[in-house]
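Coordinate inspection notes
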2 protein chains.
Amino acid sequence: MEDKRNNEFPESYPMTGGVGAYSYVQNSKYQRGYVEAAKEVIKEAIVKKFDINCLSAPLNSIFVADLGCSTGPNTFLAVQNIVDAIEHKYQLSEDRDEIPEFQVFFNDHASNDFNTLFKSFPPKRKYLAAGVPGSFYGRLFPKASIHIFHSSNSLNWLSRVPKEITDKTSRAWNKGRIHYTNAPKDVVEAYSTQYAMDMESFLIARGEELVVGGLMALLIASVPDVILSSDFTICTELELLESCLMDMEKVGLISEANLDSINLPLYFPSPKELMAAFERNRRFSIEGIQELGIQDKQLNLQSLTLTLRAGLGGVLEKHFGNNIIDEVFDRFSKKLATTPTLLNLNENQKTSLLFVLLKCKPND
Amino acid sequence: MEDKRNNEFPESYPMTGGVGAYSYVQNSKYQRGYVEAAKEVIKEAIVKKFDINCLSAPLNSIFVADLGCSTGPNTFLAVQNIVDAIEHKYQLSEDRDEIPEFQVFFNDHASNDFNTLFKSFPPKRKYLAAGVPGSFYGRLFPKASIHIFHSSNSLNWLSRVPKEITDKTSRAWNKGRIHYTNAPKDVVEAYSTQYAMDMESFLIARGEELVVGGLMALLIASVPDVILSSDFTICTELELLESCLMDMEKVGLISEANLDSINLPLYFPSPKELMAAFERNRRFSIEGIQELGIQDKQLNLQSLTLTLRAGLGGVLEKHFGNNIIDEVFDRFSKKLATTPTLLNLNENQKTSLLFVLLKCKPND
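Reading guide: rules and limits
Residues numbered from 1 in each chain as written. Chains lettered and ligands numbered in written order. Predicted model: local features only at pLDDT ≥ 70, side-chain atom pairs only at ≥ 80, totals over all residues. Heavy atoms only, no water. Axes fitted to C-alpha atoms, helices over the stretch in contact; angles between N-to-C directions. Helix = DSSP H or I, 4+ residues; strand = E, 2+ residues; numbered from the N terminus. Parallel < 35°, antiparallel > 145°, perpendicular 65-115°, else oblique. Left-handed = near helix turned anticlockwise from the far one by under 90°. Contact = heavy atoms within 4.5 Å. Nonpolar A, V, L, I, M, F, W, Y, C, P; charged D, E, K, R; others polar. Buried area = accessible area lost by both parts, 1.4 Å probe. Salt bridge = Lys/Arg side-chain N within 4 Å of Asp/Glu carboxyl O. Polar contact = N/O pair within 3.5 Å; in protein donor to acceptor, adjacent residues only side chain to side chain. Core = buried A, V, L, I, M, F, W, Y, C linked by side-chain atoms within 4.5 Å. Buried < 20%, exposed > 50% of the residue type's maximum accessible area, 1.4 Å probe, protein only. Expected span 1.5 Å × (residues − 1). Pairing = 2+ DSSP bridges. Right-handed = clockwise from strand over helix to strand, strands pointing away.

Concerning the packing of helix α5 (residues 236-250) of chain B against helix α9 (residues 325-338) of chain B
Residues and elements named next belong to chain B. The N-to-C vectors of α5 and α9 enclose an angle of 120 degrees; their axes lie 9 Å apart at closest approach. Judged on the interaxial angle alone, α9 and α5 are oblique. Judged by the sense of rotation from one axis to the other, the crossing of α5 with α9 is right-handed. In contact with Glu 237, Leu 240, Leu 241, Ser 243, Cys 244, Leu 245, Asp 247 and Met 248 of α5, α9 contributes Glu 327, Val 328, Phe 329, Arg 331, Phe 332, Lys 335 and Leu 336. Along the lines of polarity and charge, the residues of the contact of α5 with α9 split into nine nonpolar, one polar and five charged.

Some words on the interface of chain A and chain B
Interfaces are often sized by the accessible area lost when the parts come together. Counting residues at the interface gives 37 residues for chain A and 37 residues for chain B. Counting the surface chain A buries against chain B, the share from its top three residues, Phe118(A), Leu128(A) and Pro142(A), is 18%. Our count for the chain A to chain B interface comes out at two salt bridges. The residue Glu101(B) makes a salt bridge to Arg139(A) at a minimum N-O spacing of 2.8 Å. Taken together, chain A and chain B are joined by 12 residue pairs in polar contact (both at pLDDT 80 or more). Taken together, the elements giving at least two residues each to the side of chain A that touches chain B come down to β1 (61-67), β2 (101-108), α3 (114-119) and β3 (128-133) of chain A. Ranked by the residues each element gives to the side of chain A that touches chain B, the list is headed by β3(A), at six residues. In terms of residue class, the side of chain A that touches chain B is made up of 19 nonpolar, 10 polar and eight charged.

Overview of the nonpolar core
In terms of nonpolar packing, the biggest core is built from 225 residues, with Phe106(A), Phe202(A), Leu241(A), Phe106(B), Phe202(B) and Leu241(B) touching the most fellow members. Ignoring anything within four residues of it in the chain, the contact list for Leu241(B) reads Ile178(B), Leu264(B), Leu308(B), Leu312(B), Leu316(B), Val328(B), Phe329(B) and Phe332(B).

As for helix α1 (residues 29-49) of chain A
Compared with the 30 Å implied by 1.5 Å per residue over 21 residues, the 29 Å span of α1(A) between its first and last C-alpha is a close match. Restricting attention to buried positions, one finds in α1(A) the residues Tyr30(A), Gln31(A), Gly33(A), Tyr34(A), Val35(A), Ala38(A), Val41(A), Ile42(A), Ala45(A) and Ile46(A).

Side note on the pairing of strand β2 (residues 101-108) of chain B
Residues and elements named next belong to chain B. In terms of residue burial, β2 counts as a mostly covered element, since seven of its eight residues are buried. Summarising the sheet, strand β1 (residues 61-67) and β2 pair through seven bridges and their orientation is parallel. Following the sheet pairing, Ser 61 is matched in β2 by Glu 101. Direction of pairing for β2 relative to strand β3 (residues 128-133): parallel, over a ladder of six bridges. For Val 104, the partnering residue across the bridge sits in β3 and is Ala 129. For the crossover that starts at β2, traverses helix α3 (residues 114-119) and ends in the parallel β3, the hand is right-handed.

What to know about the packing of helix α1 (residues 29-49) of chain B against helix α2 (residues 74-92) of chain B
Axes are the key here: two packed helices are described by the angle between their axes and the distance separating the axes. Residue and element names in this part refer to chain B. Look at α1 against α2: their axes get within 9 Å of each other, and the N-to-C directions meet at 20 degrees. Relative to α2, the element α1 is oriented roughly parallel. Between α1 and α2 lies a crossing of right-handed hand. Counting all contacts with α1, which are made through Gln 31, Arg 32, Val 35, Lys 39, Ile 42, Lys 43, Ile 46, Val 47, Lys 48 and Lys 49, the residues of α2 involved are Asn 74, Leu 77, Ala 78, Asn 81, Ile 82, Asp 84, Ala 85, Ile 86, His 88, Lys 89 and Leu 92. Each residue belonging to the contact of α1 with α2 can be placed in one class, and the counts come to 10 nonpolar, four polar and seven charged.

If you want it as structure tokens, here you go:
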């Protein structure tokens, strides 16, 4: 199987850039919960599973990459935790007293706001830092050049909206919806097929780039393996957002054609689907998998609205133009206020955070 | 000697970002002349002097870095030329048939417009690409991790304005001038001392980062070794710019204190000064040094003004605020029109482009 260059994946869906009121920088506390939930688990995994001997002897530096880093600050917490864990591992080992240098690569789409990211690098960081623009569904790094990959909350973004669901002649045409939530089987299948293809591309690329013995720590929002079809409510917020857009279509603020053609490139796999993808690829051994509890899932009305806007505002703006975005999220916030139980994500959201640890095996 | 982290050099003087009428992207044809003048010389130097055996056997990738890359497009020409030269070298060699992968690092200050740079990466490039924000006067890369460094037209920027020249109590106070052109000896010495310190920091950092046998190709605007003191007119444009600012001070558009405190952090060393810096450092062998001729130095009035504005507009804006910049360059352009011989840089500019090739020696 040929691996792909990252520029073969031209679509991108960056978080809102800058440091303003609607930016991801200001509105990523929810995603910070993901990073914090995983902190100890990743630390322990690295101390237990990272093989110091996978370093190239003459080089003796450790190369870490965070895939889908956005504009910070969560990415800095995540990589600092990894660096601390490896340092701790060196301190525990007897025969290695010199702690190596670290180079950390921050990856996201070229349309991500790297200027903001670079200006907010922690001044006293213990690593050398670089930014790597491009889609992680293609190749980003030279062969066998990375020791640890990390990705939090990013592998739920598809490389693109599945083709069929915007094709009026297809059985999978997703008319009147913005996602596969509550959609017919053909739509759901188009999404899951796209996810399987994307994960294949992802694993082929990372299998080339990781050193043998290198680790990959992935945090992926996931749905249970067994769910009733009547119960396919993975994202209550997306349903609410969809209903706001439909209301706007009804009063003529959005055209029907424009509503029919918007689809969010988000997918929430089940653990079974993920396992199947890893097993098909065969380059990685599964060293650990577990569901993580997120403390304090309770968000308030404003922060949930702003979090969703920082994440999806860019996609909506690209499709509808920027003059309706305020209206969309005003309506969202008002609807949310009338259904306050929605704010308790513990009760209402069936997605959970899955932690997966993979290790790169030698080439067959 | 301890090497320094790049965040110990907080000052930065980026070229004008974006892709607008005053951007470096639109106004860097003059600097492109530098890259083109060096093209064949660098190609030949790499084919002759690059040691394929300096690659780490298990890695077999080649790591190239351009220091002071700005926003493009010149940096892309420069690195493509290097990649082509190494590929050519591999094609000539008998025992190596597999051409390695390339990773190219584009470095500039964190305040550089990396968003514009990343969006303009050549789509069909033959290398994997990363951006490295930070001052090249400090450490940017892990030890022994780079095979070829390149820098064009960037090592004329000091890490900072020399302290003494903004100190009213110092003999080197540079009252009424924006540079060391036509300045007393103490001012010139403060600049040359700063340059020597900066070059020392630069060479210590690069000596750590280059692999043994790795190359460094530097293009530096330079003045002749022997110049008459009455003839110390290295930058006619800077004198003209200075006179515009003085005129504006006279009519009250700029305060005297504000004019006295602006100084451009630019220095043009002589070959002798550079040689002395390389010899003090002792980590590099000098594999080549030559003066390059730039074809077509003739610029027109508008392009010279825009080139200078793209390069110095940011420094002036930071100091004076953005509401006088149009006026400064309007006046500059008008003055230039009354002295058209200035446009013929071949006649009027005593700086020339120096190409230096250094090779990293084993540690003592």
